[in-house]
Amino acid sequence: MTVADRATAGFRQRYRTEPAGRWAAPGRVNLIGEHTDYNDGFVLPFALPLRTVVAAAPDPDGRWTVWSELDDEPVEFGAAEADEPGGVDGWAAYVAGVVWALRAAGHDVPGARLAVASDVPVGSGLSSSAAIESAVLAALVDLGGLDLPAQAWHRLAQRAENDYVGAPTGIMDQSAVIRGREGHALFLDCRTEEVEQIPFDLDAAGLAVLVIDSRAPHRHADGEYAARRRSCERGAAALGVAALRDVDVAGLDTALARLDDDETRRRVRHVVTENQRVLDTVALLRAGRVRDTGPLLTASHASMRDDFEITVPEIDTAVEAALSAGAYGARMTGGGFGGCVLALVDADAADPVAAAVTEAYAKRGFTAPGTLTVRPAGGVTRLG
Ligand code: GLA
């Protein structure tokens, strides 16, 4: 059964009626530009063909009930719980967070019954949370006929995550999931929120992006993410700039010389060089030189490993094995401390590279990785 059919079947079985519609939102990977979004910098993610689908219908009592195929017990809440961050916890907090963010922005949010099915793996760093937030947002906007322009959606979904769920993430994931376009990577300036759709046609170039799920247990990912954010803020404050975006590679050495602790210096160096790598990647893609982006991806990984210190042994093993097996470039994607690696490979090399990574994992005694090849897909949409 497709994910859309699973959402519909779940809805029928749970609520004994037909949904009014179905809304789908994808997961994402980030091609390059890691931990730059909350530094007002640049990112280049794309939406995945893996999607989360929400089947929904209005609830006459003005309450919200959510069922997910991952958890047989539905979660029900009313305005009181939705209006209080923390009032709903667990996976349903992403749903309640969207209701909260809409209500906080003054919208008259319709009560709804929802059924959620997903092909986006949870906890793999592919933004399953942004996918559920965005699909629920689309459903509630449509069901309620809410006047919410598309340009406002990503910020609203981010508020759900930051202020209701309590994860201090940047704007990249929701932007990719909402604004992604098939065959394109999304070049986003996180300060101005300007976007440019950059053609990223892997098939035409005879290439593939292999995504390797490291299956590494998340090690203190939330606390470490928040700590990296604080380091960046400390660095910006010490340099007297609004955000690390305001330091460019030409001014990097001077900036580093003004910082007195080594850890902050390395965090700053990652962000500044990573912003430049995004710009360089965009320039190569614009010139149709997809293959030549490989070394930038690999340099991004080295920077995350050595300067930002957010990789783990499983992730580094996957990157090294992919490169040894002939990938043009490979890097961890997402927040770090686990999650996925992406590798740019010849289309016919995807299987052998995946096999090489699996073998390297077995040698180290790690749980076998998951592998799949992906293409840039479209953002959130109504399925009908
Ligand atoms: C997570 C966050 C994003 C971004 C990345 C790192 O995915 O949700 O906002 O900060 O980490 O690039």
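Each chain has its residues counted from 1, running along the sequence as written. Given that this is a predicted model, residues contribute local features only at a pLDDT of at least 70 and side-chain atom pairs are listed and counted only at 80 or more, while totals for whole chains, interfaces and linings are drawn from all residues. Based on all heavy atoms of the structure, the side-chain values leave hydrogens and waters out of the count.

*Asks:* I keep staring at unusual backbone geometry and nothing clicks. Help me out?
*Replies:* As a rule of thumb, non-glycine residues mostly have phi less than zero, and peptide bonds are mostly trans rather than cis. At D40, a position not held by glycine, the phi torsion is positive, near 65°. The backbone of E309 shows a phi angle near 50°, a positive value even though the residue is not glycine. By the element assignment, E309 lies in the loop between α10 (294–306) and α11 (313–324). When accessible area is computed with a 1.4 Å probe and restricted to protein chains, residues below 20% of their type maximum are described as buried, those above 50% as exposed, and intermediate ones as partly exposed. Using a relative accessible area of 33% as the deciding quantity, one classes E309 as partly exposed. Each helix corresponds to a stretch of at least 4 residues labelled H or I by DSSP, and each strand to a stretch of at least 2 residues labelled E; elements are numbered beginning at the N terminus.

*Asks:* Mind showing me how you'd approach the sheet that holds strand β1 (residues 21–30) here?
*Replies:* By definition, the strands of a sheet pair up through backbone hydrogen bonds, in either a parallel or an antiparallel sense. For two strands to be treated as a pair, DSSP must find at least two bridges joining them. Taken in spatial order, the six strands line up as β5-β4-β6-β3-β1-β13 in an open sheet, and their pairing is mixed. Two strands in the sheet have a free side with no partner beyond their single neighbour: β5 (71–77) and β13 (381–382). One ladder, built from five bridges, connects strand β4 (residues 64–68) with strand β6 (residues 112–118); its direction is parallel. Across the sheet, residue W67 finds its bridge partner in β6, namely A115.

*Asks:* Just to check I follow, could you spell out the packing of aromatic side chains for this structure?
*Replies:* Centre distance and the angle of the planes are the two values used to describe a pair of aromatic rings. Aromatic pairing here means that ring centres of Phe, Tyr or Trp (its six-membered ring) are within 6.5 Å. Orientation follows from the plane angle: under 30 degrees is stacked, over 60 is edge-to-face, and everything else is tilted. Tallied over the entire structure, the rule returns seven aromatic pairs. Judged by centre distance (5.6 Å) and plane angle (65°), the ring pair of Y38 and Y225 falls under edge-to-face. One end of the pair, Y38, is in the loop between β1 and β2 (42–43); the other, Y225, is in helix α7 (residues 221–239), with 187 residues separating them in the sequence. When its relative accessible area of 11% is taken as the criterion, Y38 is described as buried. Of the residues examined, Y225 reaches a relative accessible area of 14% and is grouped as buried. An angle of 50° between the planes, with centres 5.6 Å apart, marks the rings of F46 and F200 as tilted.

*Asks:* Sorry, what's going on with the environment of A216 here?
*Replies:* Looking at where A216 falls in the secondary structure, it is placed in the loop between β9 (207–213) and α7. Given the relative accessible area of 7%, A216 is considered buried. Residue contacts are counted whenever heavy atoms from the two residues lie within 4.5 Å of one another. Not counting residues within four places of it along the chain, the set of residues in contact with A216 comprises V312, E314 and G338.

*Asks:* Teacher, can you tell me more about the site of the ligand here?
*Replies:* It suffices for a single heavy atom of a residue to lie within 4 Å of a molecule or strand for the residue to be listed as near it. The full set of residues close to the ligand is R28, E34, H35, D37, Y38, T169, G170, M172, D173, Y225, G334 and G335. The definition of a polar contact used here is a pair of N or O atoms within 3.5 Å, where within protein one atom must be able to donate a hydrogen and the other to accept one, and adjacent residues in sequence count solely through side-chain atom pairs. In the environment of the ligand, an oxygen atom lies 2.7 Å from a nitrogen or oxygen atom belonging to the backbone of H35. Take G335: an N or O atom from its main chain is 3.4 Å from an oxygen atom of the ligand. Calculation of accessible area relied on Shrake-Rupley with a 1.4 Å probe; when residues are assessed, cover is drawn exclusively from the protein chains displayed. In the complex, the protein chains occlude 93% of the 310 Å² of accessible area that the ligand would expose alone. Taken together, the residues of the shell around the ligand break down into three nonpolar, five polar and four charged. Each residue gets one of three labels, nonpolar for Ala, Val, Leu, Ile, Met, Phe, Trp, Tyr, Cys and Pro, charged for Asp, Glu, Lys and Arg, and polar for the others, Gly among them.

*Asks:* Mind showing me how you'd approach the sheet that holds strand β7 (residues 184–189) here?
*Replies:* Reading across the sheet, the three strands line up as β2-β7-β8 and stay open at both edges, with antiparallel pairing between neighbours. Where the open sheet ends on each side, the last strands, each with one partner, are β2 and β8 (195–199). Across five bridges, β7 lies against β8 in antiparallel orientation. The partner of F187 across the bridge, within β8, is E196. What counts as an axis is a line fitted to C-alpha atoms, over the stretch in contact for a helix, and the angles between N-to-C directions run from 0 to 180 degrees. Taken strand by strand, helix α6 (residues 172–179) contacts β2, β7 and β8, and its axis lies near 140° from that of β7. Sheet strands touched by helix α9 (residues 262–286): β2, β7 and β8. Its angle to β8, the strand with the most contacts, is close to 50°.

*Asks:* What should I look at first to understand the pattern of salt bridges in this one?
*Replies:* A carboxyl oxygen of Asp or Glu within 4 Å of a side-chain nitrogen of Lys or Arg is what we treat as a salt bridge. Under the criterion given, the structure shown has 32 salt bridges. Here R375 makes a salt bridge to D203, at a shortest N to O gap of 2.9 Å. In this pair, R375 is assigned in the loop between β12 (370–374) and β13 and D203 in the loop between β8 and β9, connecting sequence segments 172 residues apart. Judged by relative accessible area, which is 47%, D203 ranks as partly exposed. Put simply, E233 and R229 hold a salt bridge, and the shortest N to O gap is 3.8 Å. Of this pair, E233 and R229 both sit in helix α7, four residues apart, which is roughly one turn of the helix.

*Asks:* Please clarify how the nonpolar core should be interpreted in this entry.
*Replies:* Nonpolar side chains tend to gather and get buried jointly when the protein is soluble and globular. We call a set of buried Ala, Val, Leu, Ile, Met, Phe, Trp, Tyr and Cys residues a nonpolar core when their side-chain atoms join them within 4.5 Å. Core analysis: the largest hydrophobic core is formed by 43 residues, its most contacted members being L239, L244, V268, A322, A343, V345 and V357. Top contributing element to this core by residue count: helix α12 (residues 350–364), with six residues. Once residues within four sequence positions are removed from consideration, V357 is found in contact with I212, A318, A321, A322 and P369. Residues F77, A96, A135 and L146 belong to the second largest nonpolar core, which totals 41 residues.

*Asks:* What is the right way to look at the packing of helix α3 (residues 93–104) against helix α5 (residues 153–165) in this model?
*Replies:* Helices that pack against each other are described as a pair by the angle of their axes relative to one another and the distance between those axes. As a packed pair, α3 and α5 sit with axes 8 Å apart at the nearest point and diverge in direction by 110°. When the axis of α3 is compared with that of α5, the two are roughly perpendicular. For the pair α3 and α5, the sense of crossing is right-handed. In this structure, α3 uses A93, Y94, A96, G97, V98, W100, A101, L102 and A104 to contact α5, whose residues at the interface are L156, R159, A160, E161, D163, Y164 and V165. The class makeup of the residues in the contact of α3 with α5 is 12 nonpolar, one polar and three charged. For classification purposes, angles smaller than 35 degrees are called roughly parallel, those larger than 145 roughly antiparallel, those between 65 and 115 roughly perpendicular, and all remaining angles oblique. Handedness of a crossing follows from how the near helix is turned relative to the far one, being left-handed for an anticlockwise turn of less than a right angle and right-handed for a clockwise one.

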